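# Structural features, examined
So the chains spell out like this:
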Amino acid sequence: MNQNNTGLTMAIGNSPLDCDMALVSVNVQGTLGTLNQQVLNTYEYFSIKQISSIALSKGYELLQQKGLKPILFVVTVGQGNTENSLINNLTNAIDNNISILEGKRVWVPLMGTGAGGLSFKQSYEITVNILRKFSSSTDFVLSFPENKEGVTLYNELR
């Protein structure tokens with residue numbers, strides 16, 4: 001893990017279990033992909049098969065059940081341009097849930113890189129610009145995938 005003094009840590013292949021909550025991307029229909037299903041299972045939300053598209057119409061949805069770690073879903077696909085969706089929805093999701101995020105360690109993967117078509121570097125740049133705005137009160141852990149592209153970008157940025 002690579003810690004800097006801005007409340008933002010970069011890590012490669014780390015688990016959301018290492019954090020108090022997770023942020024993950026989802027499409028506007030609430031369809032669960034491999035990554036969000038892994039996070040749901042890791043946090044023991046075994047009965048969740050889809051996120052309500054009605055709830056996601058605002059661009060994000062907080063899933064929080066008693067005794068389980070919260071997950072903040074951010075829409076990156078299905079509301080027009082992926083880049084704009086990530087910028088707007090991630091900003092709004094954090095801003096409108098800041099009281100839940102404050103003082104927590106929050107796991108954040110690179111988002112919009114699958115069906116959204118963003119490169120890892122594009123996702124990183126957008127995400128970091130947004131997280132820095134909120135990093136004085138929240139410790140974000142930006143997680144890079146443990147594959148060739150993820151490892152290359154992580155090493156380049158360190």
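Worth saying up front: this structure is predicted, and the values here are computed from it rather than measured. (Residues numbered from 1 in each chain as written. Predicted model: local features only at pLDDT ≥ 70, side-chain atom pairs only at ≥ 80, totals over all residues. Heavy atoms only, no water.)

Another point: helix 1 (residues 34-42). Of all the residues in helix 1, the buried ones are Asn36, Val39 and Leu40. In a view along the axis of helix 1, the buried residues occupy a sector of 100°, so they form one face of it. In this structure, the buried residues of helix 1 make contact with strand 3 (21-27), strand 4 (60-63), strand 5 (71-77) and strand 6 (105-109). Just downstream of helix 1, Glu44 is the residue with a positive phi angle, here 70°. (Buried < 20%, exposed > 50% of the residue type's maximum accessible area, 1.4 Å probe, protein only. Helix = DSSP H or I, 4+ residues; strand = E, 2+ residues; numbered from the N terminus. Arc of directions from axis to C-beta. Contact = heavy atoms within 4.5 Å.)

A word on the side chain of Ser135. With respect to the element layout, Ser135 can be found in the loop between helix 4 (120-134) and strand 7 (139-144). On the accessibility criterion, Ser135 (10% relative accessible area) is buried. One polar contact links the side chain of Ser135 to the main-chain carbonyl oxygen of Arg132, over a distance of 3.1 Å. (Polar contact = N/O pair within 3.5 Å; in protein donor to acceptor, adjacent residues only side chain to side chain.)

Once that is clear, we can look at the confidence of the model for the chain. Model confidence for the chain is summarised by a mean pLDDT of 92, while 96% of its residues fall at 70 or above. The lowest-confidence element of the chain is strand 1 (residues 2-3), averaging 50 in pLDDT; the highest-confidence one is strand 6, averaging 97. (pLDDT = per-residue confidence, 0-100.)

As a further point, take the packing of aromatic side chains. Applying the stated rule across the entire model yields two aromatic pairs. With centroids separated by 5.9 Å and ring planes inclined at 35°, the aromatic side chains of Tyr124 and Phe144 adopt a geometry described as tilted. Here Tyr124 is found in helix 4, whereas its partner Phe144 is found in strand 7, with 20 residues between them in sequence. Per residue, the accessibility class of Tyr124 equals that of Phe144, and both read buried. (Phe/Tyr/Trp six-rings, centres within 6.5 Å; stacked < 30°, edge-to-face > 60°.)

Core analysis: the biggest nonpolar cluster contains 29 residues, and Leu23, Ile94 and Phe140 have the highest contact counts within it. Of all the secondary structure elements, the ones that give two or more residues to this core are strand 2 (8-12), strand 3, strand 5, helix 2 (82-95), strand 6, helix 4, strand 7 and helix 5 (148-157). It is helix 4 that provides the largest number of residues to this core, a total of seven residues. Sequence-distant contacts of Ile94, defined by excluding residues within four places in its chain, comprise Leu23, Leu72, Leu101, Ile130, Leu131, Phe134 and Phe140. Residues Val28, Leu63, Phe73 and Trp107 belong to the second largest nonpolar core, which totals 20 residues. (Core = buried A, V, L, I, M, F, W, Y, C linked by side-chain atoms within 4.5 Å.)

Moving on, we come to the pattern of salt bridges. For the coordinates displayed, the defined rule picks out three salt bridges. With a closest N to O distance of 2.8 Å, Asp139 and Arg105 form a salt bridge. Taken together, the residues span a long stretch of sequence, with Asp139 in strand 7 and Arg105 in strand 6 at a distance of 34 residues. Here Arg105 falls in the partly exposed class, since its relative accessible area comes to 22%. Of the charged contacts in the structure, one is a salt bridge between Glu156 and Lys121, with a shortest N-O distance of 3.0 Å. With Glu156 in helix 5 and Lys121 in helix 4, this pair connects stretches of sequence that are 35 residues apart. Judged by relative accessible area, which is 35%, Lys121 ranks as partly exposed. (Salt bridge = Lys/Arg side-chain N within 4 Å of Asp/Glu carboxyl O.)

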